[in-house]
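# Structural characterization, general
As a plain string of letters, each chain reads:
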Amino acid sequence: MIVEIAGLQKVYAGKQRVVAVDGIDLCVRPGEIYGLLGPNGAGKTTTISICTTRALPTVGKVHIAGVDVVANPSLARIHIGVVPQYNTLDRGCTIFENIYFHCIYFGSSRGDAKARTEQLLAQFKLSERAGAYPSQLSGGLAQRVQIARAIAHRPKVLFLDEPSAGLDPQSRIAMWDAVRGLREEGITVVLTTHYMEEADELCDRVAIIDHGKILVEDTPAALKASIGAQKIYALDLKSLENLPVLVKALEGLQGVTRVEAKETGAHVYAHGADGLLAEIVLATGPYGLRDLTISETSLETVFIRLTGRDLRE
Ligand SMILES: Nc1ncnc2c1ncn2[C@@H]1O[C@H](COP(=O)(O)OP(=O)(O)OP(=O)(O)O)[C@@H](O)[C@H]1O
């Protein structure tokens, strides 16, 4: 395993004691894109900060490529690339210099640093902007420079903290492509996100975390399959009288795997069965169907099922 986290706990002891990470165990395989998905405050950044030697654990161990990050932080840092949540490019340096000086910092000769910088600028389609300063770049381009800089010393694992926060949809997709490209170079990627689409699209495996704990971990497909339905019909009803009768009736429809009574109606979980929508509408007739939304099962559904909340709450 390239990343091994065992019994990790982080307590911020202050006026208010905060248990930011509460016993996390996980392993990332070489070449994987692994996602930590959870809402704000779940403990994702703290976990990444410990893995990348920026914070110390209260309890537990992290090994990167077999190196204990607490016992040997400088050795560990050779194997680690980091793109933090905020733009940390040096504003006084050009794009070229940002990458070049990173190479020099990690011990490259000037010639090697120049060659590696030019190669990365070409790889990330940044060559034309080599002389630009960070303030002249869009958010998407700045993020690409940060990724290029983070892998300049050829780390084995790249940690990306909320890589698409603040990016427009087009830049987000370009960033995903850049991250997928890293896999081809054999770089393992660990990213945090609170965007379920990002975890679903990009990650080979995802750990859903909340309140410092891993709730579940699997491939996005397996997590979604655990819901046991492909579609969710959310019914908004005028009358909730005799709701249990409606729930029973809906449960009896072909293709329906589960029905949950809600404050404003009911959620019907189902496999895509022919004619089911018409039958649902018919069954809700006496209850006054005010609104109906149909959604595909997503990682958000999985999170809601596990916590009762949605990811943005
Ligand atoms: N330096 C600190 N001192 C005290 N509490 C902290 C500190 N850093 C984080 N916390 C708290 O620890 C908890 C986990 O925070 P963390 O930043 O790891 O979560 P997160 O999942 O990355 O969320 P976000 O996306 O908002 O950064 C939160 O309750 C946060 O307020």
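Residues numbered from 1 in each chain as written. Predicted model: local features only at pLDDT ≥ 70, side-chain atom pairs only at ≥ 80, totals over all residues.

## What about the overall build of the chain?
Condition: Secondary structure elements follow DSSP: runs of H or I of four or more residues count as helices, runs of E of two or more count as strands, with numbering from the N terminus. Three exposure classes are used, based on other C-beta atoms lying within 10 Å of a residue's own C-beta, which is placed from the backbone: buried for 20 or more, exposed for 12 or fewer, and partly exposed in between. Throughout, a pair of residues is in contact if the C-beta atoms placed from their backbones lie within 7 Å.
Across its full length, the chain holds eleven helices and 14 strands. Its C-alpha atoms put the chain at 75 × 45 × 35 Å along the principal axes. The burial tally for the chain puts 38% of its 313 residues in the buried class. Excluding contacts between residues fewer than 6 apart, the proportion of contacts in the chain whose partners are at least 24 apart in sequence is 69%.

## Points about the site of the ligand
What counts is decided by this rule: Near residues are defined by distance alone, with the backbone-placed C-beta atom required to lie within 6 Å of the molecule or strand. Put simply, Ala, Val, Leu, Ile, Met, Phe, Trp, Tyr, Cys and Pro go in the nonpolar bin, Asp, Glu, Lys and Arg in the charged bin, and everything else, Gly too, in the polar bin.
The environment of the ligand is made up of 13 residues, and the closest members are Tyr 12, Ala 20, Asn 40, Thr 45 and Thr 46. Within the residue set of the shell around the ligand, elements represented by two or more residues are β2 (18–28) and α1 (44–51). Element by element, the count of residues in the shell around the ligand is highest for α1, at three residues. Tallied by class, residues from the shell around the ligand come to four nonpolar, seven polar and two charged.

## Some words on the pairing of strand β1 (residues 3–12)
Short version of the rule: Being paired, for any two strands, means DSSP has found at least two bridges between them.
Note: β1 against strand β4 (residues 59–64), five bridges, orientation antiparallel. Bridge pairing in β4 places Ile 5 opposite Val 62. Count of turn residues in the β1/β2 antiparallel hairpin: five residues.

## Considering the sheet that holds β2
Rule in force here: Angles shown run from 0 to 180 degrees and are taken between the N-to-C directions of axes, each axis being a line fitted to C-alpha atoms and, for helices, limited to the stretch in contact.
Strands sit in the order β2-β1-β4-β5 across an open sheet of four strands; the sheet is antiparallel. Looking along the sheet, the strands with just one partner apiece sit at the ends: β2 and β5 (67–68). Across the sheet, α1 touches β1, β2 and β4, and the angle it forms with β1 is around 120°.

## Examining the UniProt feature "domain: ABC transporter" (unreviewed entry) in the chain
Condition: UniProt positions are given in the numbering used here, feature names are shortened, and annotations may be inferred rather than shown by experiment.
Under the present numbering, the feature "domain: ABC transporter" (unreviewed entry) in UniProt falls on residues 3–236. As annotated, residues 3–236 comprises 35% helix and 29% strand, and the C-alpha atoms at either end are separated by 45 Å.

## Comments concerning unusual backbone geometry
Look at Ala 65: it is not a glycine, yet its phi comes out positive at around 50°. Relative to the assigned elements, Ala 65 resides in the loop between β4 and β5. Positioned with a positive phi, Glu 162 is a non-glycine residue whose angle comes to about 45°. Looking at where Glu 162 falls in the secondary structure, it is placed in the loop between β7 (157–161) and α6 (169–184). Under the C-beta neighbour-count criterion, Glu 162 is labelled buried, with 21 such atoms within 10 Å.

## Observations regarding the environment of Gly 43
Within the secondary structure, Gly 43 sits in the loop between β3 (33–37) and α1. Linking Gly 43 and Ile 95, residues 52 residues apart in sequence, is a C-alpha distance of 32 Å. Beyond its immediate chain neighbours, meaning those up to four positions away, Gly 43 contacts Ala 20, Val 21, Ile 209 and Gly 212.

## A word on the environment of Ala 225
In this fold, Ala 225 is placed in helix α8 (residues 220–225). Placed 74 residues apart in sequence, Ala 225 and Leu 299 show a C-alpha to C-alpha distance of 9.9 Å.

## Overview of the nonpolar core
For soluble globular proteins, the rule of thumb is that nonpolar side chains tend to be buried together. To be explicit about the condition: A set of buried residues drawn from Ala, Val, Leu, Ile, Met, Phe, Trp, Tyr and Cys, joined through C-beta atoms within 7 Å, is what defines a nonpolar core.
Counting residues in each nonpolar core, the largest one holds 67 residues, and the members touching the most others are Ala 148, Leu 158, Phe 159 and Val 189. Once residues within four sequence positions are removed from consideration, Leu 158 is found in contact with Gly 81, Ala 150, Ile 151, Leu 182, Ile 187 and Val 189. Membership of the second largest hydrophobic core comes to 15 residues, among which are Ala 229, Tyr 233, Val 268 and Tyr 269.

## Describing the pairing of β2
Each regular strand shows side chains that alternate between the opposite faces of the sheet. Sheet analysis places β1 next to β2, joined by eight bridges and oriented antiparallel. Each bridged residue has a counterpart across the sheet, and for Lys 10 the counterpart in β2 is Val 21.

## A word on the packing of helix α5 (residues 139–150) against α6
Selection criterion: Here is the rule for angles: anything less than 35 degrees is roughly parallel, anything more than 145 is roughly antiparallel, 65 through 115 is roughly perpendicular, and the remaining ranges are oblique. For any pair of crossing helices, the crossing counts as left-handed if the nearer helix is rotated counterclockwise from the farther one by less than a right angle, and right-handed if it is rotated clockwise.
As a packed pair, α5 and α6 sit with axes 9 Å apart at the nearest point and diverge in direction by 15°. With respect to their mutual orientation, α5 and α6 come out roughly parallel. The hand of the α5/α6 crossing is right-handed. For the pair formed by α5 and α6, the contact residues are Gly 139, Gly 140, Gln 143, Arg 144 and Ile 147 on the first element and Ser 171, Ala 174, Met 175 and Ala 178 on the second. Its residues assigned to classes, the contact of α5 with α6 comprises four nonpolar, four polar and one charged.

## Let's talk about the confidence of the model for the chain
Our working definition: Looking at any residue, its pLDDT shows the predictor's confidence there, from 0 to 100.
In the predicted model, the chain carries a mean pLDDT of 93, and 99% of its residues have values of at least 70. Here helix α11 (residues 299–307) stands out as the element of the chain with the lowest mean pLDDT, 88, in contrast to β5, whose mean of 98 is the highest. Complex prediction metrics read pTM 0.89 and ipTM 0.95.

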